[in-house]
Amino acid sequence: MKKTKLREKKNWFIPFCLLVLLSSISVAQSKVTGVIKDDAGVPIAGVNILEKGTNNGAVSDFDGNFSMTLQKSPSQISMSYLGYQTQEKEVSSGDAIVIILTEDAESLDEVVVVGYGTVKRSDVTMAVSSVGSKSFEDQPVFRAEDALQSRASGVQVIKSSGAPGANIKIRVRGSSSLTRSSEPLLVVDGIVGGNINSINPNDIQSMDILKDASASAIYGARGANGVILITTKRGKGVPKIEVNYFSSFASLPNKLPQVTPQEYSDLYPAAGPVIDGGTDYQDEFFRPSIVNNIQLSAKGQEGRLKYYLSGNYVNQEGIVINTDYERLTFRSNLETKFGEKFKLGLNISGSRSQGHNLFSGGARASSDNRGGILSVLTYNPTFPVRNPDGTYYDIEPQAVGSILVNPIAVISEKNNNSIQDRLGLNLNLTYNFTPAFSYRLNAGSNTLNAREERYSLIPDGSSVIAPRASFITSVLTNTQLSNIFTYTKDFGKTNLILTGVYEITKNVRRTANGGSGAYSLEGLKDAFYQIELGTSPGVSAGINDRTLQSYVGRAQVGVSENFNITGSLRVDQSSTFRKENNTIYAPAVSARYSLQNLFNDDDAFLNNIVLRAGWGKVGNDGTFLGTYEQLTNNFNQHYSYDGVGITNGLGYGGVVDKDLKWEITRQTNVGLDFKLVKNKVSFSVDWYIKNSEDLLLDKQLHQEAGDPDGRVFTNLGEIENTGFDFSLNADLLDSKDFYWNANVVLSTIKNTVVDLGGPDEVPISPANIVGASGETVYVLQKGEPSGQFYGRTFLGTWKTDNPEGETPGTARYATDENGEFILGAIGNGLPTLTWGFNQVFDYKGFNVNLLFSGAHGFDVYNDTYSEMLVKNPIHPDYLNRWTPDNQTEIPTGTDRVRSSRFVEKGDFIRLTNLTLGYTFDEIKFLESAKVYVSGQNLVLITDYRGYDPEVSSTNNSTDLAPSYDKGAFPNPRTFTLGLNLNF
């Protein structure tokens, strides 16, 4: 029996071994091996290899090697990697292949930077707008803000001043604060900080704007205003050299109307007769100006070293005499590999900018309205600029007009300089533990050394202000250390990306200021270096610092290319606030679902439908308080113990809210994307609602509280922004010789003040407007939008048949039943609709770029018109003022009460840019050469009576006081001739 059983075992054992052997041979024969490299011969790790029609796949290792077992032979496999063209190849069992992947610039455009990583555009779950270099490379720009303008939905770029180097206002879905900054966070190559004004747009590869909180929550306490992620260019491929040069001619688009010198003399006999035909002071003050811009860059790859080097120089004259701006920038981006696991990058950038006789970020031509635009518009035109002997004609004995000093003399004799030196360093090291798991160290710093030097030499004979000088210095250092861990795994139809970050950021600002009163010496040109020679010289200094410790976690999951979900949590701990309130938690979640399984025919009229939704909570970094702002000390307390000498010291500074904490913003976003006409037209629409609460405002206190100012700075109030973002991109024609692309972006927004912490109304007095400080110009009202003008409602003039007691010809205002003037909102300075329309035409070697932009639904308070019509009448409308025989609606007298009389519609449509160029492709020693002509601000369609409805005299950082024109610096009209050479 035992022998029989043993014989039976032998009978099945031998066939079993043969079967295992044959299976092993079959598996070995079905295996395919290979190596994947780039066109420089460097192995590429992390390439996805997929057997088409199956879930069977593999990933290349550090040496570019891969091995996979085919489910059928022969079979088609595809190899894909971000930044490279996807390749397909038919393989059979036992093949050993070598694949060379070539870089694909277009595929790079399909990658979106989302903070601490990237994601395929097709997998984006959040509200992100992207602007690539291709969209603005045909436009002559030397400001990165100009490259962004009207090209991203939900992003408003406002050129509130035409001064050289002036600050440009950027808003992402409106304001997130009332008293703190609403400027978006800037991140350049992963390092937070810097100024977008200092970045050379030719160095930019792409700008990705995180618009909703589900996207910006990855930056936690600094994400409430949106985030602009700038990726600079990198070297690749064969060495290339580019030289770009353009020269522009800029001028004032239009002058404001004034009475003639003879009409002025007739109006004011005390002004005396017209001397030498009089003077048009706008012609004397404004001038045609020249802008020169030259850019040189070199990029390429030598073995494992990739490099990008660039330098840029801008010299811009202002359209106001004795004003100019210079900027010099350089950048070096280096990247190399050490072995197969280490990758090292070093980015160094620097800039120096210098503005001459520009103030308030360029909002005005002068910090002194005697030498600014208002003085030019209201100065006595019967006077010449100079006497026969060449000295300034600056005495006005009858004091007719707005000032006592010749404005041309004032601006000509100023010597005010604003100098900014910036240095940026970024060291990044990547170590791949496995093809799926990596660590990245991103260490960087940004240093700003800023100095303002001011000296005004008022000519002899002035009875206004004697010469005076001052200086302001500031050194700001931002350092950042980011530790980023990333795990990426592809499970066939499911992919997973996990990101973890630990980050430390430190900001330190040191300031020193000095100034003096009048100088008795004449002929000083650099008096800010000789402060001690003036009367009552004084100096002051200060320091603010902050440390931010952050923990970040994010998970991104994709299923079957139809569904993606992203969740993140950031925890920020700041030294700004007291220990019990120094932590903020910023969670976010977003998802997308593609209906491509319902519309999977690329030839269909409608396809690629994607639904998106997201929610997030973020903080406002604009709440960066001073180091001592939460202490009850006042550093300006002085006391005399003996009645003679003064002893400096500390004293009680007032009431402080010990529970002060972050401003918080919560935002919900819902989006829809789809394509039309065989994928030639892409459309996207987003709806959002954004609520910002715990806003930092002043709260009035009872007198018994003992605070010197009667108020305390605390968390109060709430504002809400809601609206739609639309974007449309269409390849209207794409043939061998002709290409036509159109892009439209449009945004609507409704702003509402939800709560003010008790009162229903809070008056606002803009402190930085010369001549308006202390006046109630704006008002915050519960249930209404912010940015509202405050005053009376103008009803015209009282006529001769009006009731007794009213003087005919005087201004008439709305009153209540008690006869009291009604004070309230009389307009709003925030646009409710903005849009941009960009078109590109290519025909053989010719290229045309056309950009229109517009803003609607807002008003401008035209205080410039008020000055010219009432305070110092020189506007032609004054000739049509009320008289008994000419009973018009223009009052007599000098009544300049804040009222709707000076509120005007600011809606406008602008031809922002028109460029015509021709590219020569076959030139000896050159890869290509392009010659172009261009014009900016060519056409402005508006009913506004001022220079430009977009300019404003107020601060750009907040939206409490928008669209206020009191001698604002107009935007110039520019014509450009340029040449681009590629070697």
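Residues numbered from 1 in each chain as written. Predicted model: local features only at pLDDT ≥ 70, side-chain atom pairs only at ≥ 80, totals over all residues. Heavy atoms only, no water.

- Going by an unreviewed UniProt entry, the protein chain carries the name SusC/RagA family TonB-linked outer membrane protein and comes from Algibacter mikhailovii.
- What UniProt states about the protein chain under its Subcellular location (unreviewed entry) heading is, verbatim, "Cell outer membrane".
- Taken from UniProt, the Sequence similarities (unreviewed entry) comment for the protein chain reads in full: "Belongs to the TonB-dependent receptor family." (UniProt positions renumbered as here; feature names shortened; annotations may be inferred.)

### What about the environment of Arg327?
Phase 1 of the analysis: The residue Arg327 is located in strand 20 (residues 324-338) in this model.
Phase 2 of the analysis: Separated by 26 residues in sequence, Arg327 and Ser353 have C-alpha atoms that sit 4.2 Å apart.
Phase 3 of the analysis: Setting aside its immediate chain neighbours within four residues, Arg327 contacts Phe142, Arg143, Asn197, Ile199, Asn200, Pro201, Asn312, Tyr313, Val314, Arg352 and Ser353.
Phase 4 of the analysis: Within the local environment of Arg327, its side chain forms a polar contact with the backbone oxygen of Phe142, the two atoms lying 2.9 Å apart.
Phase 5 of the analysis: Only 3.1 Å separates the side chain of Arg327 from the side chain of Asn312, close enough to count as a polar contact. (Helix = DSSP H or I, 4+ residues; strand = E, 2+ residues; numbered from the N terminus. Contact = heavy atoms within 4.5 Å. Polar contact = N/O pair within 3.5 Å; in protein donor to acceptor, adjacent residues only side chain to side chain.)

### Topic: the side chain of Thr329
Phase 1 of the analysis: By secondary structure assignment, the location of Thr329 is in strand 20.
Phase 2 of the analysis: When its relative accessible area of 5% is taken as the criterion, Thr329 is described as buried. (Buried < 20%, exposed > 50% of the residue type's maximum accessible area, 1.4 Å probe, protein only.)

### Quick word on the packing of aromatic side chains
Phase 1 of the analysis: Summed over all chains, the structure comprises 30 aromatic pairs.
Phase 2 of the analysis: By way of ring pairs, the aromatic residues Phe342, Tyr431, Phe433, Phe437, Tyr439 and Phe485 are connected into one cluster.
Phase 3 of the analysis: Note that Arg945 overlies the ring of Tyr865, its terminal NZ or CZ placed 3.8 Å from the centroid. (Phe/Tyr/Trp six-rings, centres within 6.5 Å; stacked < 30°, edge-to-face > 60°. Lys NZ or Arg CZ within 6 Å of the ring centre and 35° of its normal.)

### Thoughts on the pairing of strand 12 (residues 169-172)
Phase 1 of the analysis: With burial as the criterion, each face of strand 12 is covered, one bearing Lys169 and Arg171 and the other bearing Ile170 and Val172.
Phase 2 of the analysis: For strand 11 (residues 155-158) and strand 12, the ladder comprises 4 bridges, and the chain directions are antiparallel. When the bridges of strand 12 are listed, Ile158 appears paired with Lys169. (Pairing = 2+ DSSP bridges.)

### Observations regarding the sheet that holds strand 43 (residues 823-828)
Phase 1 of the analysis: Pairing is antiparallel in the open sheet, where 4 strands are placed in the order 38-39-40-43. Strands at the two margins of the open sheet, each flanked by one partner only, are strand 38 (761-764) and strand 43. Direction aside, neighbouring strands of the sheet carry axes that sit 45° apart on average.
Phase 2 of the analysis: In this sheet, strand 39 (residues 778-781) lies alongside strand 38 in antiparallel orientation, the contact comprising 4 bridges. By the bridge assignment, Val762 is partnered in strand 39 with Leu780. (Axes fitted to C-alpha atoms, helices over the stretch in contact; angles between N-to-C directions.)

### Details of the sheet that holds strand 47 (residues 903-905)
Phase 1 of the analysis: Strand order in the open sheet formed by 3 strands is 47-46-50, with mixed pairing between adjacent strands. With partners counted over all chains shown, the strands left at the sheet margins are strand 47 and strand 50 (964-965), one partner each.
Phase 2 of the analysis: The pairing of strand 46 (residues 859-862) with strand 50 spans 2 bridges and is classified as parallel. Across the sheet, the residue bridging to Tyr861 is Tyr964, located in strand 50.
Phase 3 of the analysis: Set on the sheet, helix 9 (residues 863-871) makes contact with strand 46, strand 47 and strand 50; between it and strand 46 the angle comes to about 35°.

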